[in-house]
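# Fold and geometry: a report
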Amino acid sequence: MWQTLIIDQSHINQKIDIFKAALRDYSLTEKLIVQKYIIHGTPYVFKDDEGKYFDLKHEIATHFEERPECVLMVGSAKLGFSIAPSKLWNSFSEESDIDIAIISREIFEKFWSELYDFDISLVSRTDREEQRYKKFLKYFFKGWLRPDLFPFKYSRKNEWFEYFKSISYNYTPQKIAGGIYYNSALFEKYHIQNIKKLRQEDV
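Now for a look at the structure at hand. (Residues numbered from 1 in each chain as written. Predicted model: local features only at pLDDT ≥ 70, side-chain atom pairs only at ≥ 80, totals over all residues. Heavy atoms only, no water.)

## Concerning the pattern of salt bridges
- For the structure on display, the rule yields nine salt bridges.
- With a shortest N-O distance of 3.5 Å, Lys-47 and Asp-48 are connected by a salt bridge.
- One network of salt bridges, with partners in common, ties together Glu-66, Arg-67 and Glu-69. (Salt bridge = Lys/Arg side-chain N within 4 Å of Asp/Glu carboxyl O.)

## Points about the packing of aromatic side chains
- Applying the stated rule across the entire model yields 26 aromatic pairs.
- Relative to Trp-89, the ring of Phe-19 has its centre 6.2 Å away and its plane inclined at 70 degrees; by these criteria the two rings are edge-to-face. Placement of the pair is Phe-19 in helix H1 (residues 9-24) and Trp-89 in the loop between helix H4 (76-79) and strand S2 (98-103), with a sequence separation of 70 residues.
- Among the residues examined, Phe-19 registers a relative accessible area of 1% and is labelled buried.
- Taken together, a centroid distance of 5.7 Å and an interplanar angle of 85 degrees make the contact between Phe-64 and Tyr-163 edge-to-face. With Phe-64 in the loop between helix H3 (51-63) and strand S1 (71-74) and Tyr-163 in helix H7 (residues 155-167), this residue pair connects regions lying 99 residues apart in the sequence.
- Overall, Phe-64 belongs to the buried group, its relative accessible area being 16%.
- The exposure class of Tyr-163 is buried, given its relative accessible area of 10%.
- Its end group placed over the ring of Tyr-139, Arg-146 keeps NZ or CZ at 4.5 Å from the ring centre.
- Sitting above the plane of the Tyr-26 ring, Arg-199 keeps its charged end 4.4 Å from the centroid. (Phe/Tyr/Trp six-rings, centres within 6.5 Å; stacked < 30°, edge-to-face > 60°. Helix = DSSP H or I, 4+ residues; strand = E, 2+ residues; numbered from the N terminus. Buried < 20%, exposed > 50% of the residue type's maximum accessible area, 1.4 Å probe, protein only. Lys NZ or Arg CZ within 6 Å of the ring centre and 35° of its normal.)

## Some words on the packing of H3 against H7
- Relative to each other, H3 and H7 sit at 150 degrees, their axes nearing to 12 Å. With respect to H7, the element H3 is oriented roughly antiparallel. As for how H3 packs across H7, the hand of that crossing is right-handed. Here Leu-56, Glu-59, Ile-60 and His-63 of H3 lie close against H7, whose contacting residues are Tyr-163, Phe-164 and Ile-167. (Axes fitted to C-alpha atoms, helices over the stretch in contact; angles between N-to-C directions. Parallel < 35°, antiparallel > 145°, perpendicular 65-115°, else oblique. Left-handed = near helix turned anticlockwise from the far one by under 90°. Contact = heavy atoms within 4.5 Å.)

## Observations concerning the pairing of strand S4 (residues 176-181)
- Counted residue by residue, S4 has five buried out of six residues, so it is predominantly covered.
- Summarising the sheet, S2 and S4 pair through six bridges and their orientation is parallel. Bridge pairing in S4 places Ile-102 opposite Ile-180.
- Relative to S4, strand S3 (residues 144-145) is paired through two bridges, and the arrangement is antiparallel. Directly across from Leu-145, in S4, lies its bridge partner Ile-180. (Pairing = 2+ DSSP bridges.)

## So, unusual backbone geometry
- Even without being glycine, Glu-65 reaches a positive phi, approximately 55 degrees.
- Checked against the element boundaries, Glu-65 lands in the loop between H3 and S1.
- A relative accessible area of 72% means that Glu-65 is categorised as exposed.
- At Tyr-169, a residue that is not glycine, the phi angle is positive and equals roughly 70 degrees.
- Tracing the sequence through the fold places Tyr-169 in the loop between H7 and S4.
- Residue Tyr-169 is classed as partly exposed on the basis of its relative accessible area, which comes to 45%.

Right, dumping it as structure tokens:
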């Protein structure tokens, strides 16, 4: 059972300052920043018990018949703060989600094939479904399957969310959500682009 995480705002502010310093240091490539801060290391949410990170990775990997190293935590739960444009520098909190990236060509292609079959059998889409579909394709082009943008009536969508609901709150007091990346290269490229955009801001 999880223990309540004590959120130390001064510690998070320190981590933000370190990350901003890395952004200003142009001897560091965007790829190196992604590897050092986003991919490597123990997530903030497990700073007091890093063994739990492996346990969570192992549970998710076992469910999807993958290896634990294919499962990564991202977002504010990893860094202690958000670097998403709409929540930039917001601290991790009790209300934050735990975002998981599953990096697996095999899983990606399995869903891709099923979604293709589902899509070509559709007769029509509502305006809302069409907007969701366009947004889904935007991320798909970048090698990222976002289950929250799966078609409404795609049966595996409910299975996906039911699974992550079943493991939520077991390791932390937060909800766990997951997405699928085609491979590690595209995962890195997606985050490298985000770092490039951040560097254009006044940090």
